[in-house]
Amino acid sequence: MVEQLKFIVEQLKRPPFNRKDYNILTFDNLTNNQLLQVLTDVFAVVDPYDPSHKIDIRDEEPDKTATRHMNTLKMLGYRPKLETDVNTFRQNLVSGDKSVVFPILQWLLEKIPEHKERAYLGRYLSRIDVPSEFLSDPEIAEQHERSDELMEEFKEVHREYKELTSTPHTIEDLRRDIKQLEDEKETLQKRLEKQKTKVQKVPASQIELAKTYRQEVDKEEKLNNMKQDLNNVIHQLEQKIQRLERQIADQRSSSFDQSPEAIMKRMEEENQVNSYLVTDKFPKQLSQMKIKLKYYEEVTNNKALGQTEITNYRAKITELNSVINKLHEKRVLTKDPTADNLAVFRQQALIVARRKEQAAERLTQLRAENDALEKQFGQNLPMGKTGASSTAKSSGQIPQGEEFQRYVNVLRHKSNSYKRKRQEINDMTAELQLLKRTEELLKEQVEQIKGRMGMEERKQGIEGYFSTQERLEELSTMKMEQDELKGKTLDEITGLIKTLNNRISSKKAELDPILKEVKPLRAKIQQKKSRYDALNANFETSRSTLESEVRGFYEEQYAQESRFHTLRAQMLINAVQLKRANDEQSSYMSKDKATKSNREQLNKQINDCEVRVKNNRERQKQTKDVQIDGTKQLKYWRDLLRMMELKRKIAMGES
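The name an unreviewed UniProt entry gives the protein chain is Intraflagellar transport protein 81 homolog, with Adineta steineri as the organism. Check the Sequence similarities (unreviewed entry) section of the UniProt entry for the protein chain; it says "Belongs to the IFT81 family." In its Subcellular location (unreviewed entry) section, the UniProt record describing the protein chain reads: "Cytoplasm, Cytoskeleton, Cilium basal body".

Novice: Any chance you could explain the nonpolar core here in plain terms?
Specialist: A general feature of soluble globular proteins is that nonpolar side chains tend to end up buried together. Membership of the largest hydrophobic core comes to 29 residues, with the highest contact counts inside it found for Leu12, Phe27, Val38, Val42, Ile104 and Leu105. For this core, the secondary-structure elements that each account for two or more residues are helix 1 (2–13), helix 3 (32–46), helix 4 (62–76), helix 5 (86–95), helix 6 (98–110) and helix 7 (112–125). With residues up to four places along the chain from it excluded, the contact list for phenylalanine 27 reads Leu5, Ile8, Val9, Leu12, Tyr22, Leu35, Val38, Phe102 and Leu105. Within the second largest apolar cluster, 10 residues are counted, among which are Val273, Leu277, Ala359 and Ala360.

Novice: Would you take a moment to explain the packing of aromatic side chains for this structure?
Specialist: Any aromatic ring pair is given by two values, namely how distant the centres are and how the planes are angled relative to each other. For the coordinates displayed, the defined rule picks out 5 aromatic pairs. Judged by centre distance (5.7 Å) and plane angle (25°), the rings of phenylalanine 27 and phenylalanine 102 are stacked. Taken as a pair, phenylalanine 27 in helix 2 (residues 24–28) and phenylalanine 102 in helix 6 lie far apart in primary sequence, 75 residues in all. Taken together, the aromatic side chains of Tyr22, Phe27 and Phe102 make up a single cluster linked through ring pairs.

Novice: Just checking my understanding: could you explain the UniProt feature "coiled-coil region" (unreviewed entry) in the protein chain for this structure?
Specialist: According to UniProt, the feature "coiled-coil region" (unreviewed entry) maps to residues 140–254 and 418–452 in the numbering used here. Along residues 418–452 the backbone is 100% helical and 0% strand, and the end-to-end C-alpha distance reaches 51 Å.

Novice: Honestly, the side chain of threonine 72 in this entry has me stumped. Any pointers?
Specialist: Residue position: threonine 72 is located in helix 4. Judged by relative accessible area, threonine 72 falls into the buried class, the value being 6%. Only 2.8 Å separates the side chain of threonine 72 from the backbone oxygen of arginine 68, close enough to count as a polar contact. For threonine 72, the contacting residues outside a window of four places in its chain are Phe43 and His53.

Novice: Would you take a moment to explain a nonpolar patch on the surface for this structure?
Specialist: Residues Trp637, Leu640, Met643 and Met644 make up a contiguous nonpolar surface patch of about 410 Å² in total accessible area. Along the chain, leucine 640 turns up in helix 17 (residues 598–652). Given a relative accessible area of 36%, leucine 640 falls into the partly exposed group.

Novice: What's the story with a positive patch on the surface in this structure? I'm lost.
Specialist: The grouping of Lys190, Arg191, Lys194 and Lys198 at the surface amounts to a positive patch. Within the secondary structure layout, lysine 198 lies in helix 9 (residues 171–201).

Novice: Even after reading the chapter, I still don't get the pattern of salt bridges, so can you show me in this structure?
Specialist: Opposite charge on two side chains allows them to pair when their charged atoms are near. One pass over the full model with this rule turns up 12 salt bridges. Its salt-bridge partner being arginine 146, residue glutamate 149 comes within 3.7 Å of it at the nearest N-O pair. Here arginine 146 and glutamate 149 lie together in helix 8 (residues 138–166), a separation of 3 residues that amounts to about one turn. Using a relative accessible area of 44% as the deciding quantity, one classes arginine 146 as partly exposed. Salt bridges sharing partners connect three or more residues here, namely Glu540, Arg543 and Glu547.

Criteria and thresholds
- Residues numbered from 1 in each chain as written.
- Predicted model: local features only at pLDDT ≥ 70, side-chain atom pairs only at ≥ 80, totals over all residues.
- Heavy atoms only, no water.
- UniProt positions renumbered as here; feature names shortened; annotations may be inferred.
- Core = buried A, V, L, I, M, F, W, Y, C linked by side-chain atoms within 4.5 Å.
- Buried < 20%, exposed > 50% of the residue type's maximum accessible area, 1.4 Å probe, protein only.
- Helix = DSSP H or I, 4+ residues; strand = E, 2+ residues; numbered from the N terminus.
- Contact = heavy atoms within 4.5 Å.
- Phe/Tyr/Trp six-rings, centres within 6.5 Å; stacked < 30°, edge-to-face > 60°.
- Polar contact = N/O pair within 3.5 Å; in protein donor to acceptor, adjacent residues only side chain to side chain.
- Patch = residues over 30% accessible without salt bridge, like charges linked within 9 Å, V, L, I, M, F, W, Y side chains within 5 Å.
- Areas by Shrake-Rupley, 256 points an atom, 1.4 Å probe, with all protein chains shown as cover.
- Salt bridge = Lys/Arg side-chain N within 4 Å of Asp/Glu carboxyl O.
- Lys, Arg positive; Asp, Glu negative; His and termini not counted.
- Charge placed at Lys NZ, Arg CZ, Asp CG, Glu CD.

Right, here's the structure in full:
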C-alpha cells in the first residue's frame, strides 16, 4: 500500500500533472470526492480529446460521474481483481473508495502513453450498438456497414503509420537511398534510350499493333477481374438463397397454415388464453399462496402447539362444520323453488370452470415442458442462419458412422417428442377456446334468465331477492372454501407436528440406550477428573517449590561466579604489582647503573619539581615588585593628567 501511494505521488508530481503539494500523508488523507477529482484529472490527461473529463465533479451528478468513469475504464480495457464483484466495484467507484481508486490510478500512471493511444483509438473504433429491428432498414444497414468499413480502413492506416514511425531512418540511410534511386534512374534512362533507338527502326504499323494488343490485354484482365467479382457475388447470393429456402422450409414445417387469417386467429386464441391465465388463474393462485403463506407465518410466529391444544382446535373445527351443515340444510329447505331454474346452468358453469382450470394447468405444464425441450434442443443443436456450420463449430468436429446415426436418432426422437407436445398444446388450446366459448354462452343464458327473474321479481314485489340469494350462496361457497383451506392447513400443521413428535420420540428411543451407557461413563469420568485435579494440585505445589529452590540455586550460582571473577581480577592485579615490586627491588640492588630504578627516577623527578617550584617562587616575587612599581607609576601619570587638565582650564578662563 505504501509503495503504491509512493508511486502515485511521484507520478503526480511530474509533468503534465505538476502536483508538487502532494506527499504520501496528504494524498492518503484526501477525501473520497477529492480522489474522484484526481481520477477525473488523470482521465483528462489520458483522453484529452474528450471534454467531459475537464470538469469539477462537484458540478456533476454522482451517477453521471460513475457512468463516465466506467465507460472510460471499459474503453481503456481496465480489468479489476478476479475476486471483485462488478456491483461492489461500481458502488466503491461511485463512493470513491481508496481500495478501488488507488489501483486504478496506479494502472493509469504506469503506462500513460499506451493509455493515450488506446483512448485515441477507442474514440474512433467504438462500435455503435444498433438494435436488430433497425437494421432491417436498408439505409441504416448501409450506413452501419459503411461505418464498419471506415473502422477497418482507419485500423489499416493507423497500422501503417505506426510502422512508419517505428522504423528508424537516419540521414545516412536516406542519402544512400537517394543515391541508389538516382543510379537506378540513370540506368533506366540508358535502357530507355536504347529502346528508343530500337523502336525507331520498327515500322509504325507494328507499333500500332503492339499498342492495340496491350490495350486488349489490359481490357481482358479487367474483364477477368469483373468476372471473378460477379462469381463471388453469385456465390454469396446462392448461399443467401439456400439460407432463405431453409428458413422457409422450417417455417412451413412448423405450421401447416401460414395465411394471415390463420395467424391472426392463432394470435387471438393465444391472447385469450394468456389473458385468462393472467386475469383469472394466476391471481387466484397468488391469493391462495398468500393465504397459505399468512397461515404459515402465523404458525411459525406462534409457539408450538401441544396435544391438548390440537384436540381443542379439532373440536372447534368439528363444531363449526356441524353449524355450517345445519345452516346449509336450513337454506336448502327454505330455498325458493323458482331458483332451481338456474341450478342446471350453475352446475354446467361450475363444470366448465373446473375443466377450464384443468386445461389451463395442463397448458402451463406443457408450455414448461416445451420450453425445457426447446432449450435442450437449442443446446444440443444450435439452429439459426449458420445451419450445419454452426453445429460443426459448436461441437468442434463432425460425428461419423455409428455416432452420427445415434445422434440422428436422438434428434429424431426429440423432434417427434417436440411435435407431439406441440400438438398436445394446440389441442389443449383448442379445447380451452371451446370451453371459453361454452362458458360465454352459459353466461349469456344466465344473464337472460336473470333478466326474466328480475322482471318476475318486480311483478311479485320482491325485487332483489335473487341477487341477495345468489350473494348469500357466493358467501357460503367462499366460507366453505376458506374453511376447507383452513382445515387443510390445520391438517398439514397437525401432520407436521405429528411427524416432528414421531421423529422426536424415535430419536429419544434411539438415545435412551446410549444415555444409559453414558451415565456410568460420566460417573467414571467424574471420579477420574477429581483424581486428576488432586494430582494436578499436588504436582503444581511441588513444581512451585522446586522452581523456588532452583531459582535460589541460580541466584547463589550467579553470586559465586561474580565473586570468583572479582577475586580472579584482584589476583591478576596483585600479581602485576608483585612483579613490578620485584623488578624494582632487583634493579635497586643491581650494580649496573645504566638502568635506573623507578625509585631513582621518581627521586629525580621530585628534585626537578622542587627546583621548578623554587624558581617559580622567585619569579613570583620579582613580578610582585614590578607590579607595585607599575601601580605607583600609573598613579603618578593620572595625577599629572589631572594637573595638566586644571592648567588648561585656567588658561582657557573656565571656572
